[in-house]
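Each chain, letter by letter, is given below.
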Amino acid sequence: MSKYTKEDIYRMIEEEDVEFIRLQFTDLFGSLKNLAVTTSQLERVLDNAISFDGASIEGFVKIENSDLFLYPDLDTFCIFPWRPQHGKVARFICDVYYADGTPFEGDPRFILKNVVDEASEMGYRIDVGPECEFFLFHTDDMGRPTTVTHEEAGYFDVGPMDLGENARRDMILTLEEMGYVVEASHHEDAPAQHEIDFQYDEVMKAADGIMTVRLAVKTVAKRHGLHACFMPKPKSGVNGSGMHINISLSKDGVNAFYDPEDPIHLSKEGYYFIGGIMKHIRAITAVTNPLVNSYKRLVPGYEAPVYIAWSVTNRSPLIRIPAMNDKRQRIELRSPDSAANPYLALAVCMAAGLDGIKNKIMPPESVDRNIFAMTEEERKALGIECLPDNLLEAINDLEQDPLICGVLGEHATKRFVEAKKKEWEEYRASVSEWEVERYLSRI
């Protein structure tokens, strides 16, 4: 059931002195876009009559059929706290439709909605708790981002060691003013690295929340003279930024992953869900880790998972079952990074888990040792495989997985694969600073 009606929107906009409305949507590659109108156009907004040129958005449509329309989700209405208090700015997150009223198949929100509908038909509600990691770097004299920081703080440090503490506090207050519940926040392992964790919510709301976090965090950081960076691995020699996804399923209001009789309190559905993700994880990785740079994070020695395994509490495998002795049982997927399109990432992960339930895919035995400390022979003996080594390998795995391609749909799969292969070719042809420093004076 919707939280707001059209009448509620009219009333709030008048009472709050809103003058501008931003109609936000997300492109195929996770970039937030928007079209701004004044409140004089509110009737057209609520009648789904605002159109835009879809050919201008990478991965959307060709110029021959470029008129797309924005359908606002009324429940995503909120006012930006950082804008003026007179003549305020509000936003809606929108779905994208063709002129004939059919959903645009390349809209990431539509792709996730299809998976939500599939789960609903199976009797499940999906809830997700994302952990968003990012760096706060200095900007140069021109206001451009750098990777410079004077900070030396580590895990859970506080001020004055944590120089980003005040900015992070303002980010949390801003997000809560926008209606989001922040469960926890802290300084991460690397200098200038931070994490904000959201309270569990329905999967679509969680995806909308991730996009809102990125906007709010970057906006507040800029006000503090900093640049918030969600790049997976902006600096060598330190941990990269992930976006761990905590997942739970419920049926008739009861946690479907919880079984008090199981040794680890995990139900059959929970085991099957893990099995489905592990079966499809190499293809999933192209979506959850979508940049060339993503694979600089997925290397041994920096806490990010490299090996396809699962465990209870042990943090070295891909999937972890946190220590839970009650009905809050959940599954934590540790490989996704902060550059992923949250709608697509959640869609493919949830679809893979549901596939595991439908086909009763049992995972292999849990690995309760530190996988990073094992020898290659020990890992082979246990049948532990690796995640893809690079973006091209992940894209090739994606193309060979009919389920994951089917979740994305023909349109999105084709555009996504084309763009990522082009990105790989550009990277392969570039000359890095590492190569120049290593070879220029020697050869």
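To be clear, the structure that these remarks concern was listed above.
**Considerations on the sheet that holds strand 4 (residues 67–79)**
One open sheet accounts for five strands, arranged 2-1-5-4-3; its pairing is mixed. Every interior strand has two partners, whereas the edge strands, strand 2 (32–38) and strand 3 (50–53), have only one. Each adjacent strand pair in this sheet contributes to an overall mean axis angle of 40°, direction not counted. As paired strands, strand 1 (residues 18–26) and strand 5 (residues 88–98) are joined by six bridges and run parallel to one another. Paired with Phe-20 across the strands is Val-89, a residue of strand 5. This element, helix 3 (residues 108–121), spans strand 1, strand 4 and strand 5 of the sheet and lies at about 70° to strand 5.

**Looking at empty space enclosed by the protein**
Throughout the structure, instances matching the rule amount to one cavity of 30 Å³ or more. If you trace the largest cavity, you find it lined by Leu-28, Phe-29, Val-287, Pro-290, Leu-291, Asn-341, Leu-344, Phe-416 and Lys-420. Grouping the amino acids of the lining of the largest cavity by side-chain chemistry returns seven nonpolar, one polar and one charged.

**Quick notes on the nonpolar core**
In summary, soluble globular proteins display a tendency toward joint burial of nonpolar side chains. Core analysis: the largest hydrophobic core is formed by 68 residues, its most contacted members being Ile-247, Leu-249, Phe-273, Ile-319, Met-350 and Leu-398. Setting aside its immediate chain neighbours within four residues, Ile-319 contacts Ile-274, Ile-277, Met-278, Ala-309, Trp-310, Ser-311, Ile-331, Glu-332 and Leu-333. Counting residues in hydrophobic clusters, the runner-up holds 28 residues, among them Trp-82, Leu-175, Phe-198 and Ile-210.

**Focus: unusual backbone geometry**
In most cases, non-glycine residues show a negative phi, while peptide bonds are predominantly trans. Between Gly-159 and Pro-160 the backbone carries a cis peptide bond, its omega angle lying at 5°. Despite not being glycine, Ala-192 shows a phi value in the positive range, around 75°. Tracing the sequence through the fold places Ala-192 in the loop between strand 7 (182–187) and strand 8 (193–198). Since its relative accessible area comes to 1%, Ala-192 is described here as buried.

**Brief notes about the state of the cysteines**
Counting across every chain of the model gives zero disulfides. Take Cys-78: it sits in no disulfide, and the sulfur closest to it among the cysteines is that of Cys-94, at 12 Å. The thiol of Cys-349 is unpaired, and the distance to the nearest cysteine sulfur, on Cys-132, comes to 14 Å. Accessibility expressed as a relative area gives 0% for Cys-349, which makes it buried.

**Quick word on the pairing of strand 5**
For strand 5, a buried count of eleven out of eleven residues is recorded, marking the element as mostly surrounded by other parts of the structure. Burial along strand 5 is two-sided: the residues Lys-88, Ala-90, Phe-92, Cys-94, Val-96 and Tyr-98 and Val-89, Arg-91, Ile-93, Asp-95 and Tyr-97 are all buried. Examined bridge by bridge, strand 4 and strand 5 share eight bridges and lie antiparallel to one another. Within strand 5, the position partnered with Tyr-71 by the bridge is Asp-95.

**Re helix 4 (residues 165–177)**
Given a rise of 1.5 Å per residue, 13 residues ought to cover 18 Å, and the 18 Å separating the end C-alpha atoms of helix 4 matches this to within 8%. Taken together, the buried positions of helix 4 are Ala-167, Arg-168, Met-171, Ile-172, Thr-174 and Leu-175. Seen from one end, helix 4 has its buried residues packed into an arc of 160°, which puts them on one side. In helix 4, the exposed residues that point more than 90 degrees away from the buried face are Leu-173 and Glu-177. Its buried side turned inward, helix 4 meets strand 6 (125–138), strand 7, strand 8, helix 5 (203–223) and strand 10 (226–229). Trailing helix 4 by a residue or two, Gly-179 shows a phi angle of about 100°, which is positive.

**Here we look at the side chain of Asp-127**
The residue Asp-127 is located in strand 6 in this model. Only 2.8 Å separates the side chain of Asp-127 from the side chain of Arg-125, close enough to count as a polar contact. Sequence-distant contacts of Asp-127, defined by excluding residues within four places in its chain, comprise Tyr-200, Asp-201, Glu-202, Val-203, Asn-246, Ile-247, Ser-248 and Ser-250.

**What about the pairing of strand 7?**
Working note: regular strand, side chains alternate between the two faces of the sheet. In this structure, strand 7 lies alongside strand 8, joined through five bridges in antiparallel fashion. Within the sheet, the bridge partner assigned to Ala-184 lies in strand 8 and is Asp-197.

**Notes on the environment of Leu-344**
Structurally, Leu-344 can be placed in helix 8 (residues 342–358). When its relative accessible area of 1% is taken as the criterion, Leu-344 is described as buried. Among all residues touching Leu-344, those that are not within four sequence positions of it are Leu-28, Pro-108, Ile-111, Val-287 and Leu-408.

**A short note on the packing of helix 5 against helix 8**
Taken N-terminus to C-terminus, the directions of helix 5 and helix 8 make an angle of 150°; their axes are 9 Å apart at the nearest point. Regarding the angle of helix 5 to helix 8, the classification is roughly antiparallel. The two elements helix 5 and helix 8 meet at a crossing, and its hand is right-handed. Residues Val-203, Met-204, Ala-207, Asp-208, Ile-210, Met-211 and Arg-214 of helix 5 pack against Pro-342, Tyr-343, Leu-346 and Met-350 of helix 8. In terms of residue class, the contact of helix 5 with helix 8 is made up of nine nonpolar, no polar and two charged.

**Describing the environment of Lys-296**
Its location among the elements puts Lys-296 in helix 7 (residues 294–297). In this structure Lys-296 comes out as partly exposed when scored by relative accessible area, which is 39%. Residues Lys-296 and Pro-232, spaced 64 residues apart in sequence, show a C-alpha to C-alpha distance of 7.9 Å. In this view, Lys-296 contacts Lys-233 and Tyr-427; residues no more than four positions away in its chain are not counted.

**Remarks on the packing of aromatic side chains**
For any two aromatic rings, the description comes down to two numbers: the centre-to-centre distance and the angle of the planes. Scanning the entire structure with this criterion turns up 18 aromatic pairs. Here the aromatic rings of Tyr-98 and Phe-104 are separated by 5.7 Å at their centres, their planes lie at 85°, and the arrangement is edge-to-face. By relative accessible area, which is 0% here, Phe-104 ends up buried. Here Phe-257 and Phe-273 contribute two aromatic rings whose centre-to-centre distance is 5.3 Å and whose plane-to-plane angle is 65°, an arrangement assigned as edge-to-face. Taken together, the residues span a long stretch of sequence, with Phe-257 in the loop between strand 12 (254–255) and helix 6 (268–288) and Phe-273 in helix 6 at a distance of 16 residues. Here the two residues Phe-257 and Phe-273 agree in accessibility, since each one is buried.

Each value, and the rule that gives it
Residues numbered from 1 in each chain as written. Predicted model: local features only at pLDDT ≥ 70, side-chain atom pairs only at ≥ 80, totals over all residues. Heavy atoms only, no water. Pairing = 2+ DSSP bridges. Helix = DSSP H or I, 4+ residues; strand = E, 2+ residues; numbered from the N terminus. Axes fitted to C-alpha atoms, helices over the stretch in contact; angles between N-to-C directions. Contact = heavy atoms within 4.5 Å. 1 Å grid on protein atoms, 1.4 Å probe; cavity = no way out; pocket = protein on both sides within 12 Å on 5 of 7 lines; lining within 4 Å. Points joined across faces, edges and corners; volume = space filled by probe spheres on them. Nonpolar A, V, L, I, M, F, W, Y, C, P; charged D, E, K, R; others polar. Core = buried A, V, L, I, M, F, W, Y, C linked by side-chain atoms within 4.5 Å. Buried < 20%, exposed > 50% of the residue type's maximum accessible area, 1.4 Å probe, protein only. Disulfide = S-S within 2.5 Å. Expected span 1.5 Å × (residues − 1). Arc of directions from axis to C-beta. Polar contact = N/O pair within 3.5 Å; in protein donor to acceptor, adjacent residues only side chain to side chain. Parallel < 35°, antiparallel > 145°, perpendicular 65-115°, else oblique. Left-handed = near helix turned anticlockwise from the far one by under 90°. Phe/Tyr/Trp six-rings, centres within 6.5 Å; stacked < 30°, edge-to-face > 60°.

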